[in-house]
Amino acid sequence: MRAGVNWAGRRGGLARFLLLYAALYGAYGGLSPILPAFLAARGLDPGAIGVLLAAAGALRLVIGPLAGSVADRRGAGRPILAASLALAGLATLAHLPGTGFAQLIGPALLYAAGTAAPAPLADALALAAARGGTAFQYGWVRAAGSAAFIVGTGAAGWLIGIVDLAAALAASGILFLAAAAAALALPAVSAAPAETRPPLRGFADLVRRPRFRRTVLAAALVIGAHALHDGFAMILWRASGIGAGTAGLLWSVSVAAEVLVFLLVGPLLLARIGLPAGVAVAACAGALRWAVLGSTVAVPWLAAAEALHGLSFALLHLACLGLIEESTPSHLRATALALYGTFGLGLSGVLATLASGALYGSFGGRAFWAMAALSLAALPLVPGLRRR
């Protein structure tokens, strides 16, 4: 009987995390592609949209690590996650009656505050509940999130086609609220004793850990190298005569590979080669991918390169989360993941995107060779990622 109860409890925990990730990333998938278009439709010119999005990005850089620190110090990951998602949902819906910069800046900043912490907090809770893979694999829930992102993007396009932009935005707001409810239903975890020391002490403790620093830097290099692809691959392909349908299929190949690696290939491969080697494989896969994109626009080669996204992103993410789990104490886990998400993934992407515009303007598709070099720059960090 006890074994049956434990099995049911593990399955129940997995089901709740699957629901959380599906709602969270479905909301992101529905909103992220359409938000600039919605702002433009409500009277913002490109300059105002840039200012608003930049202000929101800057706020996330502050709120994310602070929310992670509070979650660690108070043992309050689940309620902070739920509150953040509820704020994100209400802020998304608050965009609907707004027109012009003055009316939309408030909802935009509230949305930024609400979406600064959910991804790292959800990851921290999922890793704790997975118990090193004895309960379930983290990759399973992250794969559900990746699949939901694509479904959300497609559903948003469908809603825009039959209703309007506001309907898609409203659907994303409802999904964020559903994710907040799912967060409250997550299995309870034992709360850490409250700490009175300031958050900067926790940040300093993490920064002093060499393996953590190298993990974040390696992630920043490999993920930052994706910026040129995310911003300009579609532009390059369309300018080379590749039709919109074919370009969309190429993009779908990368997403399918991501889901496959999160779901099945990644955990098996990392168990065989180890986490540091996983980072090395991701860096080399990224370099090969960008070298192909910098050399040709032949569709078969592009399809093969896009399939490498499963290694250059999903395998890297799984390896980095495993390294963070190994190299940081559990009472700083949410803070560590927030710093990883903010600086290893977020800030590096912003900086690389800024550079990508100038590179693509000067060199066109050959700019991808610079991204190949950026990805390979992570390799010297790999020896320092090994457990000593």
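What counts as what
Residues numbered from 1 in each chain as written. Predicted model: local features only at pLDDT ≥ 70, side-chain atom pairs only at ≥ 80, totals over all residues. Heavy atoms only, no water. Helix = DSSP H or I, 4+ residues; strand = E, 2+ residues; numbered from the N terminus. Rg over C-alpha atoms; globule rule 2.2 N^0.38 Å. Buried < 20%, exposed > 50% of the residue type's maximum accessible area, 1.4 Å probe, protein only. Contact = heavy atoms within 4.5 Å. Areas by Shrake-Rupley, 256 points an atom, 1.4 Å probe, with all protein chains shown as cover. Lys, Arg positive; Asp, Glu negative; His and termini not counted. Charge placed at Lys NZ, Arg CZ, Asp CG, Glu CD. Expected span 1.5 Å × (residues − 1). Phe/Tyr/Trp six-rings, centres within 6.5 Å; stacked < 30°, edge-to-face > 60°. Salt bridge = Lys/Arg side-chain N within 4 Å of Asp/Glu carboxyl O. pLDDT = per-residue confidence, 0-100. Polar contact = N/O pair within 3.5 Å; in protein donor to acceptor, adjacent residues only side chain to side chain. Core = buried A, V, L, I, M, F, W, Y, C linked by side-chain atoms within 4.5 Å. Patch = residues over 30% accessible without salt bridge, like charges linked within 9 Å, V, L, I, M, F, W, Y side chains within 5 Å. Axes fitted to C-alpha atoms, helices over the stretch in contact; angles between N-to-C directions. Nonpolar A, V, L, I, M, F, W, Y, C, P; charged D, E, K, R; others polar. Left-handed = near helix turned anticlockwise from the far one by under 90°.

Here we look at the overall build of the protein chain
Item 1. In terms of helices and strands, the protein chain carries 17 helices and zero strands.
Item 2. In terms of C-alpha radius of gyration, the protein chain reaches 20 Å, essentially the compact-globule figure of 21 Å for 388 residues.
Item 3. Taking the principal axes of its C-alpha atoms as reference, the protein chain extends roughly 60 × 50 × 45 Å.
Item 4. In the protein chain, which comprises 388 residues, the share counted as buried stands at 51%.
Item 5. The long-range fraction of contacts in the protein chain, counting pairs at least 24 apart against all pairs at least 6 apart in sequence, stands at 85%.
Item 6. On the protein chain, roughly 16,400 Å² of surface is accessible, and the fraction owed to carbon and sulfur atoms is 70%.
Item 7. Treating the 26 positive side-chain charges of the protein chain as one cloud and the 11 negative ones as another, the clouds have centres 9 Å apart.

Re helix α13 (residues 275-295)
Item 1. Helix length check: α13 (21 residues) gives 30 Å between terminal C-alpha atoms against 30 Å at 1.5 Å per residue, within 8%.
Item 2. Most of α13 sits inside the fold, with 16 of its 21 residues counted as buried.

A short note on the packing of aromatic side chains
Item 1. By the definition in use, this model includes nine aromatic pairs.
Item 2. With 6.5 Å between their ring centres and 80° between their planes, Y21 and Y138 make a pair best called edge-to-face. With Y21 in helix α1 (residues 2-31) and Y138 in helix α7 (residues 138-162), the pair connects residues that are 117 residues apart, well separated along the chain.
Item 3. Between W290 and F368, the aromatic rings sit 6.1 Å apart at their centres with planes inclined by 20°, giving stacked as the arrangement. On the criterion of sequence distance, the pair formed by W290 in helix α13 and F368 in helix α17 (residues 368-376) is long-range, its members being 78 residues apart. Each member of the pair, W290 as well as F368, carries the same accessibility label: buried.
Item 4. Site record: aromatic cluster; members linked through ring pairs are Y21, Y25, Y28, Y111, Y138 and F176.

A few points about the pattern of salt bridges
Item 1. Applying the stated criterion to the full structure yields three salt bridges.
Item 2. A salt bridge links R211 to E326, with the nearest nitrogen and oxygen atoms 2.9 Å apart. Taken together, the residues R211 in helix α10 (residues 210-224) and E326 in helix α15 (residues 309-327) connect sequence positions 115 residues apart.

Quick look at the confidence of the model for the protein chain
Item 1. Predicted confidence across the protein chain gives a mean pLDDT of 87, with 93% of residues reaching 70 or more.
Item 2. Across residues 1-9, confidence stays below pLDDT 50; counting only partners more than four residues off in sequence or on other chains, it has zero contacts.

Description of helix α8 (residues 165-184)
Item 1. With 20 residues, α8 should reach 28 Å at 1.5 Å per residue; the first-to-last C-alpha distance of 30 Å fits that figure.
Item 2. A distance of 3.2 Å separates the backbone nitrogen of A166 from a side-chain oxygen at the start of α8, and that oxygen is part of D164.

Let's talk about the nonpolar core
Item 1. Of all hydrophobic cores here, the largest spans 94 residues; its most connected members are F17, L20, Y21, L81, L85 and F176.
Item 2. For L85, the residues in contact, after removing those within four places along its chain, are L20, L24, G114, P118, F176, A179, A180 and A183.
Item 3. A233, I242, Y360 and A372 belong to the second largest nonpolar core, which has 20 residues in total.

Digging into a nonpolar patch on the surface
Item 1. A contiguous nonpolar patch, built from W140, L260, L263, L264, V265 and L268 and spanning about 540 Å² of accessible area, is present on the exposed surface.
Item 2. Ranked by residues supplied to the nonpolar patch, first place goes to helix α12 (residues 244-273) with five residues.
Item 3. The topology assignment puts V265 in helix α12.
Item 4. Judged by relative accessible area, which is 33%, V265 ranks as partly exposed.

Concerning the side chain of T92
Item 1. On the secondary structure map, T92 appears in helix α4 (residues 77-94).
Item 2. Here T92 falls in the buried class, since its relative accessible area comes to 0%.

Quick notes on the packing of helix α11 (residues 227-239) against helix α16 (residues 333-363)
Item 1. Taken N-terminus to C-terminus, the directions of α11 and α16 make an angle of 35°; their axes are 7 Å apart at the nearest point. Of the residues in α16, those in contact with A227, L228, F232, I235 and L236 of α11 are G349, A352, T353, S356, G357 and Y360.
Item 2. A breakdown of the residues in the contact of α11 with α16 according to their chemical character gives seven nonpolar, four polar and no charged.

Observations regarding the packing of α7 against α8
Item 1. Here α7 crosses α8 at 145°, and the two axes come no closer than 7 Å. For the pair α7 and α8, the sense of crossing is right-handed. Facing A156, L159 and I160 of α7, the residues of α8 in contact are L165, A167, A168 and A171.
Item 2. Here the residues of the contact of α7 with α8 are counted per class, giving seven nonpolar, no polar and no charged.

Here's the deal with the environment of T115
Item 1. Note that T115 resides in helix α5 (residues 101-115).
Item 2. Residues T115 and D45, spaced 70 residues apart in sequence, show a C-alpha to C-alpha distance of 24 Å.
Item 3. Leave out the neighbours within four places in its chain, and T115 touches Y28, R60, A88 and F176.
Item 4. Within the structure, T115 has its side chain in polar contact with the side chain of R60 (distance 3.1 Å).

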